[in-house]
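Structural characterization, general
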Amino acid sequence: MNNIEHKREQLGLSRLNFHHLHYFWCVAKEGHLSRVAQRLHVSQSALSAQIRQLEERLGEALFEREGRSLKLTDTGHLVLEYAEGIFDLSAELLERLNGRRQGTTRLRIGSVATLSRNYQENWLKPLLTDPELSLTLESGLLNGLLDRLLHHQLDVVLANEAVPVNPDHPLHCRLLASQSLSLVGRAQRWQGQQLRIPEDLHGMEMALPGPRHVVRSQFDALCNAAGVVPQVRAEVDDMAMLRLLARDSGWLALLPEVVVQDELQNGLLVMVGVATELKEHFYAITAPHRYRPAVLDQLIAANR
């Protein structure tokens with residue numbers, strides 16, 4: 001047995017016949033053997049034999065009879081879920097390799113957990129009316145997202161910090177925008193008031209970005225240099241949660257204006273000050289994949 005065959009044996013690939021899986025997938029979607037056999041130009045007995053071989057390989061029944069129709073078992077539903085993903089990806093692969101946009105184009109976006117959801121939605125707005133686009137959005141820690149990017153599991157990562165140069169893992173890091181941090185509070189308490197940052201914040205009740213956020217250390221350094229000690233009531237990594245606290249708590253909150261754009265517009269919150277020294281930067285990080293969706297490059301260029 002050569003190395004390739006040994007590896008296939010270890011992974012079980014030599015025993016999982018994707019031709020059988022395709023027949024199962026067709027029958028599961030149709031629910032009727034004879035119609036599928038006619039469409040695929042095979043005999044009904046041959047089709048049944050292929051599915052039985054797949055069931056033997058998996059050690060579980062995939063169908064049970066219900067009159068003249070076939071009903072999926074619990075295992076059948078699970079296998080169908082995976083089969084859908086496998087054959088959807090195979091169609092997407094062929095479309096990308098052929099340079100065509102037939103059917104739906106999938107764009108897979110990762111974002112760091114501390115990034116504003118409002119900023120992400122604003123960035124994506126040009127795509128939301130495209131009927132041929134399907135979005136996959138996920139959030140997490142930057143290192144984990146970059147690993148998925150390098151393994152072709154994501155097309156782009158949105159982050160609020162730049163990535164260092166690494167010759168072993170070449171990444172393209174593009175600055176999309178920058179925004180000063182704002183001090184906001186409930187309008188009924190803070191309307192018409194302006195505070196200096198950090199001089200006027202001593203003893204003030206505040207909700208701040210958590211220690212993992214890139215601007216938090218900068219804010220702490222400003223306060224230390226000025227001898228200012230705010231009363232920190234909450235430290236929040238998630239910008240959506242920080243927005244809710246700013247809206248409902250009565251505390252002052254330090255965050256990018258885009259996070260509370262709707263509350264500022266409808267008058268629930270007001271801007272009490274702007275920390276021009278503190279800026280959050282927004283980056284699009286991509287890997288040099290040959291088959292990156294063209295719509296992504298267009299989006300990055302437009303936002304820059």
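To keep things clear, this report deals only with the structure shown in the data block. (Residues numbered from 1 in each chain as written. Predicted model: local features only at pLDDT ≥ 70, side-chain atom pairs only at ≥ 80, totals over all residues. Heavy atoms only, no water.)

Let us look at the overall build of the protein. Of regular secondary structure, the protein possesses 12 helices and 10 strands. For a compact globule of 304 residues, the expected C-alpha radius of gyration is about 19 Å, and the protein comes in at 27 Å, more than 25% above that figure. On the principal axes, the C-alpha backbone points of the protein span a range of 80 × 50 × 35 Å. Taking contacts inside the protein between residues at least 6 apart in sequence as the whole, the part at least 24 apart equals 73%. Accessible surface for the protein amounts to roughly 16900 Å². Of this, 50% is attributable to carbon and sulfur atoms. (Helix = DSSP H or I, 4+ residues; strand = E, 2+ residues; numbered from the N terminus. Rg over C-alpha atoms; globule rule 2.2 N^0.38 Å. Contact = heavy atoms within 4.5 Å. Areas by Shrake-Rupley, 256 points an atom, 1.4 Å probe, with all protein chains shown as cover.)

Let us look at the packing of aromatic side chains. Inspection of every chain in the model, using the stated rule, returns three aromatic pairs. Their ring planes at 50 degrees and their centres at 5.4 Å tell us that Phe-24 and Phe-63 sit as a pair that is tilted. Here Phe-24, found in helix H2 (residues 18–30), pairs with Phe-63, found in strand E1 (residues 63–66); they are 39 residues apart in sequence, far enough to count as distant. With a relative accessible area of 0%, Phe-24 lands in the buried category. (Phe/Tyr/Trp six-rings, centres within 6.5 Å; stacked < 30°, edge-to-face > 60°. Buried < 20%, exposed > 50% of the residue type's maximum accessible area, 1.4 Å probe, protein only.)

Turning to unusual backbone geometry, a few remarks are in order. With omega at 10 degrees, the peptide bond leading from Ile-197 into Pro-198 counts as cis. As for its placement among the helices and strands, Pro-198 is situated in the loop between helix H8 (187–190) and strand E7 (205–209). One non-glycine residue, His-41, lies in positive phi territory at about 60 degrees.

Asn-118, Tyr-119, Gln-120, Trp-123 and Leu-124 are the residues of helix H6 (residues 117–124) that are buried. The N-cap of H6, judged by a side-chain oxygen 3.2 Å from the amide nitrogen of Asn-118 a few residues on, is Ser-116. (Polar contact = N/O pair within 3.5 Å; in protein donor to acceptor, adjacent residues only side chain to side chain.)

This model, assessed by the stated rule, comprises 12 salt bridges. The partner of Asp-155 in a salt bridge is Arg-108, and the shortest N-O contact between them spans 2.9 Å. Remark: Arg-108 occurs in strand E3 (residues 105–112) and Asp-155 occurs in the loop between helix H7 (142–150) and strand E5 (156–159); sequence separation between them is 47 residues. By relative accessible area, which is 3% here, Asp-155 ends up buried. (Salt bridge = Lys/Arg side-chain N within 4 Å of Asp/Glu carboxyl O.)

As a further point, take the pairing of strand E6 (residues 172–186). For E6 and strand E10 (residues 269–286), the ladder comprises 14 bridges, and the chain directions are antiparallel. Residue Cys-173 lies in a different strand from E10, and its bridge partner there is Ile-285. Relative to strand E9 (residues 252–256), E6 is paired through four bridges, and the arrangement is antiparallel. Across the sheet, Ser-182 pairs through a bridge with Leu-255, a residue of E9. (Pairing = 2+ DSSP bridges.)

Attention now goes to helix H3 (residues 33–40). An α-helix turns once every 3.6 residues. As a result, residues three or four positions apart point the same way. The complete set of buried residues in H3 reads Leu-33, Val-36 and Ala-37. Down the axis of H3, the smallest arc covering the buried residues is 100 degrees, so these residues share one side. Here the buried face of H3 lies against H2, helix H4 (44–58), E1 and strand E2 (69–72). Immediately beyond the C-terminal end of H3, within one or two residues, lies His-41, with a positive phi of roughly 60 degrees. (Arc of directions from axis to C-beta.)

Below, the discussion takes up the side chain of Arg-174. Mapped onto the elements, Arg-174 comes out in strand E6. Buried charge without a partner: Arg-174 forms no salt bridge, and the closest opposite charge is Asp-297, 5.1 Å away. A polar contact of 2.8 Å, which involves the side chain of Arg-174, links it to the side chain of Thr-286. (Lys, Arg positive; Asp, Glu negative; His and termini not counted.)

At a closest axis distance of 9 Å, the pairing of H2 and H4 adopts a crossing angle of 115 degrees. Taken as axis vectors, H2 and H4 run roughly perpendicular relative to one another. In this structure, H2 crosses over H4, and the sense of that crossing is left-handed. The segment H2 lies against H4, with His-19, His-20, Leu-21, Tyr-23, Phe-24 and Val-27 engaging Leu-47, Gln-50, Ile-51, Gln-53 and Leu-54. Residues of the contact of H2 with H4, tallied by class, amount to seven nonpolar, four polar and no charged. (Axes fitted to C-alpha atoms, helices over the stretch in contact; angles between N-to-C directions. Parallel < 35°, antiparallel > 145°, perpendicular 65-115°, else oblique. Left-handed = near helix turned anticlockwise from the far one by under 90°. Nonpolar A, V, L, I, M, F, W, Y, C, P; charged D, E, K, R; others polar.)

The subject of this paragraph is the environment of Leu-201. Assignment of secondary structure puts Leu-201 in the loop between H8 and E7. Overall, Leu-201 belongs to the buried group, its relative accessible area being 0%. Distance from Leu-201 to Leu-141, taken between C-alpha atoms, is 31 Å for residues 60 residues apart in sequence. Look past the residues within four positions of Leu-201 in its chain and what remains in contact with it is Leu-183, Leu-195, Arg-196, Met-206, Phe-219, Val-228, Val-229, Pro-230 and Leu-252.

With that settled, consider the sheet that holds E10. With respect to topology, eight strands assemble into an open sheet ordered E4-E3-E5-E10-E6-E9-E7-E8, the strand pairing being mixed. In this open sheet, the two edge strands, each paired with only one partner strand, are strand E4 (133–140) and strand E8 (231–236). Looking at each pair of strands side by side, their axes are set apart by 25 degrees on average, direction ignored. Pairing geometry for E5 and E10, over three bridges, is antiparallel. Paired with Leu-158 across the two strands is Ala-284, which belongs to E10. The sheet contacts of helix H9 (residues 216–226) involve E7, E8, E9 and E10, and relative to E10 the element is tilted by about 140 degrees.

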